[in-house]
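Structural features, examined
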Amino acid sequence: QVQLVESGGGLVQAGASLRLSCAASGRTFGMGWFRQAPGKEREFVATVSWRGSVTAYDDSVKGRFTISRDNDKNTMFLQMNSLKPEDTAVYYCAARQAISASRLESEYNYWGQGTQVSVSS
């Protein structure tokens, strides 16, 4: 069983940057970030393959967010730049047992508890 712990969330103004981290208790393969805004369903944000060679982003964050990972430290990151009020949500880290990246929530086996990101206008 792999445990995932997110950190790095907070309250910032529009245009600011934040860097989220996801620390895994063990080895993980494909990983991703999802988010859930108040009153909305959880949605895909970004994903990265095991070796970091493949990444994918939702169109709403493409060009502003960057996903990366450090397998030596079992840690994944999400660099978020040019934040907008609509980015406000709880951000969840997820890991899957396959090595490929995935946009599908159903293909992830492990989830973190989430970290709140709030962006004021």
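Residues numbered from 1 in each chain as written. Predicted model: local features only at pLDDT ≥ 70, side-chain atom pairs only at ≥ 80, totals over all residues. Heavy atoms only, no water.

Further remarks concern the overall build of the chain. The helix and strand tally for the chain stands at zero helices and eleven strands. Traced from its N-terminal end to its C-terminal end, the chain shows the element sequence β-β-β-β-β-β-β-β-β-β-β. Seen along its three principal axes, the alpha-carbon backbone of the chain occupies a region of about 40 × 25 × 25 Å. Relative to its 121 residues, the chain shows a buried fraction of 43%. Considering only contacts in the chain between residues 6 or more positions apart, those separated by 24 or more positions represent 59%. Summed over all atoms, the accessible surface of the chain reaches about 6,300 Å², with 45% contributed by carbon and sulfur. In the chain, which carries 13 positive and 11 negative side-chain charges, the distance between the mean positions of the two groups comes to 5 Å. (Helix = DSSP H or I, 4+ residues; strand = E, 2+ residues; numbered from the N terminus. Buried < 20%, exposed > 50% of the residue type's maximum accessible area, 1.4 Å probe, protein only. Contact = heavy atoms within 4.5 Å. Areas by Shrake-Rupley, 256 points an atom, 1.4 Å probe, with all protein chains shown as cover. Lys, Arg positive; Asp, Glu negative; His and termini not counted. Charge placed at Lys NZ, Arg CZ, Asp CG, Glu CD.)

Read across the open sheet, the four strands follow the order S1-S3-S8-S7; overall the sheet is antiparallel. Either end of the sheet is taken by a strand with one partner, and the two such strands are strand S1 (4-7) and strand S7 (65-70). The mean angle between the axes of side-by-side strands here comes to 15°, regardless of whether they run parallel or antiparallel. Pairing of S1 with strand S3 (residues 18-24), which is carried by four bridges, proceeds in the antiparallel orientation. Note that in S3 the partner of Ser7 across the bridge is Ser21. (Pairing = 2+ DSSP bridges. Axes fitted to C-alpha atoms, helices over the stretch in contact; angles between N-to-C directions.)

With that settled, consider the pattern of salt bridges. For the structure on display, the rule yields six salt bridges. Across the salt bridge formed by Arg35 and Glu43, the nearest N and O atoms sit 2.7 Å from each other. Note on Arg35: relative accessible area 6%, which makes it buried. When its relative accessible area of 36% is taken as the criterion, Glu43 is described as partly exposed. With a shortest N-O distance of 3.1 Å, Lys62 and Asp59 are connected by a salt bridge. In this structure Asp59 comes out as exposed when scored by relative accessible area, which is 63%. (Salt bridge = Lys/Arg side-chain N within 4 Å of Asp/Glu carboxyl O.)

Summed over the entire model, instances satisfying the criterion amount to one disulfide. What pairs with Cys22 in a disulfide is Cys93, and their sulfur atoms sit 1.8 Å apart. Taking the torsion about the S-S bond as the criterion, the Cys22 to Cys93 disulfide, at about -60°, is left-handed. Highlighted residues: Cys22 in strand S3 and Cys93 in strand S9 (residues 89-95), separated in sequence by 71 residues. Overall, Cys22 belongs to the buried group, its relative accessible area being 0%. (Disulfide = S-S within 2.5 Å.)

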